[in-house]
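Structural description and commentary
Residues per chain, in single letters:
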Amino acid sequence: MTNSVAEIADNEALFVIGSNTTENHPIIALRMKEAVKKGAKLIVADPRRIPLVKFATLWLRQRPGTDSVLLNAITNAILIEGLEDKEFIAARTEGYADFVQSLESFTPEYGEEITGVPAQDIRQAARIYGSAKNAGIYYAMGITQHVMGTYNVHAVGNLALVTGNVGKRAAGVNPLRGQNNVQGACDMGGLPNVYPGYQKVDDLGVKEKFEKAWGKTLSGRIGLGATEMTGAMLSGQLKGMYIFGENPALSDPNTTHSLKAFANLEFLVVQDIFMTETAQLADVVLPGVSFAEKEGTFTSSERRVQRVRKAVNPPGLAKADLFIIDQIAKRIDGLGDLNATPLPEEIFAEVAALWSSIAGISYGRLEKESLRWPCPTKDHQGTEYLFKESFTRPGGKALFTPVPFVSSKELPDKEYPFVLTTGRELFHYHTGTMTRRSAGLNAVAPEAFVEVNPMDAEAMGLADGQKLTVSSRRGSISLKARVSGIVPPHVVFIPFHYREAAANLLTSDAMDPVCKIMEAKVCAVKLEIT
């Protein structure tokens, strides 16, 4: 997030797209409701009538997979009505002329043709967002898990830049992270192309810096992204894998394809706190610990670094994750004392010495307060919002990026006439590794379901609660129908938490060519009453 959670309540306008915020980020949704109560105008763009729609000034019900066209059309309407921030554009951006030219065909009328959102609503959204003194955009995986996910994010950035809503308070571009501490994992280098602090592995200067700090010769080669590993396993290029705190046997799109890939491995290690579906495939399972059984830090969506303190001892043979990784590393290179495990505080200090944005953060300070990076010095109070003075590109200016229309890889046809979209529900989380072990949560949300629009149900002769088989080109699952106007006609929704009706057996593994994310949000399916 460029901005912080507390600032949300002070937004004059909010644009939420691709985020079922009340169910997936309920605390952030409370801030949004607070802003509305204070007079802010809320735009919600979502194919489903999500609970946040009740609080919206305007609901845009775009067709799944058409987000970038909707965003381009809104930006086009802002320019037509003269709502752009000319001063900000001139002083703080580049590539504007080419960007404006790229928008010429994305009129509100064209937007209506592609997205299904009425042109007058596109214009109204432009007026609400473009007229606000400070407006924030909030998005999640609803716009990223597409073959054009990178373009969607570029379109979000363009909209914020054209109105000058970056680099100031209560505004910005704010991705809502999908999992706890995923921000921290990325910050610490849990990506195939960067060291801690997003320092690129193929940058010679960066490579030399880390080689000097670590006393090792390092590779400058960019590794595989998680989604690319499936193909590498199937081809035999990748022979062994170590999976830590992830359950891809249930969470990967086109799961059957992924399971074939795992079966092709020579050796699989899984480190987790429960015997997940993925752990059941492993040659070796290393029992790790939960958040309450270890020391360390978590970093939230707003870049806030917080201390995590051990509250209880781990059960059975479970060991702290850091202990396990350290022991394996020492056995691989034959160096180091097996009886001495580094402290999380020592590792954090090492990263802080190599990444200037957290140089001012220490465990001593975190004992008293949480801090948002950048925090470059020991007397710095952390950064509420980013890019106040300049952007992190050479020259300090932001770049507009033309965004073409790219269609979803798999659209409905005569054989598979429905669009399937997937997501989470309030009472369960991700693959249910933890939440489905809770009797209370299971009592409220005991089983999978598929949302079907009443018009489609009537055409099929389908009753609420009746069993359906949902099939795609990749697989079939059986589950109960939930007849509901939450979804539009010809669109169905399935939550992906339930192993006994795993939605990802149906979803597509078509991939965004830039960030390599899979298209979990759009595929074609058919429905059959069973």
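With respect to the overall build of the protein chain
Counting secondary structure elements, the protein chain contains 19 helices and 21 strands. Over its C-alpha trace the protein chain gives a radius of gyration of 24 Å, about what one expects of a compact globule, namely 24 Å for 530 residues. In terms of overall dimensions, the protein chain has a C-alpha envelope of 70 × 60 × 45 Å along the principal axes. Across the 530 residues that make up the protein chain, the buried fraction comes to 51%. Counted over contacts in the protein chain with a minimum sequence separation of 6, partners at least 24 positions apart contribute 68%. Of the roughly 23800 Å² of accessible surface on the protein chain, 56% is carried by carbon and sulfur atoms.

With respect to the domain arrangement of the protein chain
For the protein chain, the assigned domains read domain 1 (6-176), domain 2 (182-372) and domain 3 (418-529). Taking only C-alpha atoms, the centre of domain 1 and the centre of domain 3 are 27 Å apart. With 19 residues of domain 1 at the contact, the number on the domain 3 side is 23 residues. Counting the surface lost from both domain 1 and domain 3, the interface buries some 1700 Å², and carbon and sulfur atoms represent 57% of this. Considering only the side of domain 1, the residues that lose the most area to domain 3 are Arg48, Gln145 and Val147, jointly responsible for 36% of the buried surface there. Taken together, the connections running from domain 1 to domain 3 amount to 1 salt bridge. Between domain 1 and domain 3 we count 11 residue pairs in polar contact (both at pLDDT 80 or more) in total. Residue assignment for the side of domain 1 that touches domain 3 shows that the elements contributing at least two residues are helix H1 (21-24), helix H8 (141-144) and helix H9 (149-162). Considered class by class, the residues forming the side of domain 1 that touches domain 3 number 5 nonpolar, 10 polar and 4 charged.

Remarks on the layout of surface pockets
By volume, the second largest pocket is sized at about 340 Å³. Along the wall of the second largest pocket there are 20 residues; nearest its centre are Arg63, Pro64, Thr66, Ile114 and Val419. Partitioned by chemical class, the residues of the lining of the second largest pocket number 10 nonpolar, 8 polar and 2 charged. Looking at the lining of the second largest pocket, you find at least three residues from each of domain 1 (6-176) and domain 3 (418-529).

What about the pairing of strand S20 (residues 491-495)?
Along S20, 5 of the 5 residues are buried, which leaves the element largely enclosed by surrounding structure. Side chains of S20 alternate between two faces, with Val491, Phe493 and Pro495 and Val492 and Ile494 buried alike. Direction of pairing for strand S16 (residues 418-423) relative to S20: parallel, over a ladder of 5 bridges. Note on S20: the bridge partner recorded for Leu420 is Val492.

Some remarks on the environment of Asp252
Looking at where Asp252 falls in the secondary structure, it is placed in the loop between helix H13 (248-251) and helix H14 (255-263). When its relative accessible area of 15% is taken as the criterion, Asp252 is described as buried. Ignoring any residue separated from it by four or fewer positions in sequence, one finds Asp252 in contact with Thr230, Ser258 and Asn504. Of note is the side chain of Asp252, whose polar atom sits 3.2 Å from the side chain of Ser258.

Thoughts on the sheet that holds strand S10 (residues 267-272)
Sheet architecture is open: 3 strands sit in the order S9-S10-S11, paired in parallel fashion. Across the chains shown, the open sheet's two edge strands, defined by having one partner strand only, are strand S9 (240-244) and strand S11 (284-287). Put simply, the sheet's adjacent strands are angled 15 degrees from each other on average, direction ignored. As paired elements, S9 and S10 share 5 bridges and run parallel to each other.

Let's talk about helix H3 (residues 67-80)
For H3, built from 14 residues, the straight-helix expectation of 20 Å at 1.5 Å per residue is met to within 8% by its first-to-last C-alpha distance of 20 Å. Most of H3 is tucked away, with 13 of its 14 residues classed as buried. The first or second residue beyond H3 is Gly82, which carries a positive phi of 70 degrees.

Section: the pairing of strand S13 (residues 304-308)
Sheet topology places strand S12 (residues 296-299) next to S13; 4 bridges connect them, and they run antiparallel. The residue of S13 that forms the bridge with Phe298 is Gln306. The hairpin turn running from S12 into S13, its antiparallel successor, is 4 residues long, and Arg303 in that turn takes a positive phi close to 70 degrees. Note that S13 and strand S14 (residues 371-372) share 2 bridges and pair antiparallel. Each bridged residue has a counterpart across the sheet, and for Arg304 the counterpart in S14 is Arg372.

Here's the deal with the packing of H3 against helix H7 (residues 119-131)
Interhelical geometry of H3 versus H7 gives an angle of 65 degrees and a closest axis separation of 8 Å. By the angle class used here, H3 and H7 are roughly perpendicular. The handedness of the crossing between H3 and H7 is right-handed. Seen from H3, the contacting residues are Leu70, Ala73, Ile74, Ala77 and Ile78; seen from H7, they are Ile122, Arg123, Ala125, Ala126, Tyr129 and Gly130. Partitioned by chemical class, the residues of the contact of H3 with H7 number 9 nonpolar, 1 polar and 1 charged.

Calculation notes
- Residues numbered from 1 in each chain as written.
- Predicted model: local features only at pLDDT ≥ 70, side-chain atom pairs only at ≥ 80, totals over all residues.
- Heavy atoms only, no water.
- Helix = DSSP H or I, 4+ residues; strand = E, 2+ residues; numbered from the N terminus.
- Rg over C-alpha atoms; globule rule 2.2 N^0.38 Å.
- Buried < 20%, exposed > 50% of the residue type's maximum accessible area, 1.4 Å probe, protein only.
- Contact = heavy atoms within 4.5 Å.
- Areas by Shrake-Rupley, 256 points an atom, 1.4 Å probe, with all protein chains shown as cover.
- Domains from an automatic or database assignment.
- Buried area = accessible area lost by both parts, 1.4 Å probe.
- Salt bridge = Lys/Arg side-chain N within 4 Å of Asp/Glu carboxyl O.
- Polar contact = N/O pair within 3.5 Å; in protein donor to acceptor, adjacent residues only side chain to side chain.
- Nonpolar A, V, L, I, M, F, W, Y, C, P; charged D, E, K, R; others polar.
- 1 Å grid on protein atoms, 1.4 Å probe; cavity = no way out; pocket = protein on both sides within 12 Å on 5 of 7 lines; lining within 4 Å.
- Points joined across faces, edges and corners; volume = space filled by probe spheres on them.
- Pairing = 2+ DSSP bridges.
- Axes fitted to C-alpha atoms, helices over the stretch in contact; angles between N-to-C directions.
- Expected span 1.5 Å × (residues − 1).
- Parallel < 35°, antiparallel > 145°, perpendicular 65-115°, else oblique.
- Left-handed = near helix turned anticlockwise from the far one by under 90°.

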